[in-house]
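These are the residues of each chain, in order.
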Amino acid sequence: LYYNLEDPNYISSTPENAIKKKYFHYKWLPIFGDSGGNFIGIDLDPDAKGKKGQVINFGHDEDQMVVLADDLKAFFDFILVELKKRNSRLKKPEIHIH
């Protein structure tokens, strides 16, 4: 199956119109990656309903892009809270944060 990654019809943003529907944008700064072309990063050029500095997923396998947190502090706070949970999904070896 061939995807035209520059065609916004193949990419979704959650919330809608928060992230520009692109495969990659030069104002998305990767902070974590999986060595396979997928990233969690800071969005410095959000879409109309997004917030500058929001943390998003993007990359090779990411056609369903999601705002993970409003900013980097909120993202790290989420990770810390999640890791304190007894049955946290983040503690499972098969889980990838991306």
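That block above? That's the structure.
Just so it is clear, the model here is predicted, and its values are computed rather than measured.

**As for the overall build of the chain**
Assigned secondary structure in the chain consists of one helix and five strands. When the helices and strands of the chain are read in sequence order from the N terminus, they spell out β-β-β-β-β-α. Burial status across the chain gives 28% buried among its 98 residues. Excluding contacts between residues fewer than 6 apart, the proportion of contacts in the chain whose partners are at least 24 apart in sequence is 35%. For the chain, the computed accessible surface area is about 6700 Å², with 55% contributed by carbon and sulfur atoms.

**Structural notes on a nonpolar patch on the surface**
Nonpolar side chains collect at one region of the surface, where Ile31, Phe32 and Phe76 lie side by side and expose about 240 Å² of accessible area between them. Mapped onto the elements of the fold, Phe76 is located in helix 1 (residues 72-84).

**Describing the side chain of Asp43**
Relative to the elements of secondary structure, Asp43 occurs in strand 3 (residues 38-43). We note that Asp43 is buried and unpaired, the nearest opposite charge coming from Lys20 at a distance of 7.2 Å. The contact partners of Asp43, leaving out residues within four places of it in the chain, are Ala18, Ile19, Lys27, Trp28, Lys51, Lys52, Gly53, Gln54 and Ile56.

Conventions and cut-offs
- Residues numbered from 1 in each chain as written.
- Predicted model: local features only at pLDDT ≥ 70, side-chain atom pairs only at ≥ 80, totals over all residues.
- Heavy atoms only, no water.
- Helix = DSSP H or I, 4+ residues; strand = E, 2+ residues; numbered from the N terminus.
- Buried < 20%, exposed > 50% of the residue type's maximum accessible area, 1.4 Å probe, protein only.
- Contact = heavy atoms within 4.5 Å.
- Areas by Shrake-Rupley, 256 points an atom, 1.4 Å probe, with all protein chains shown as cover.
- Patch = residues over 30% accessible without salt bridge, like charges linked within 9 Å, V, L, I, M, F, W, Y side chains within 5 Å.
- Salt bridge = Lys/Arg side-chain N within 4 Å of Asp/Glu carboxyl O.
- Lys, Arg positive; Asp, Glu negative; His and termini not counted.

In short, geometric facts, not functional conclusions.
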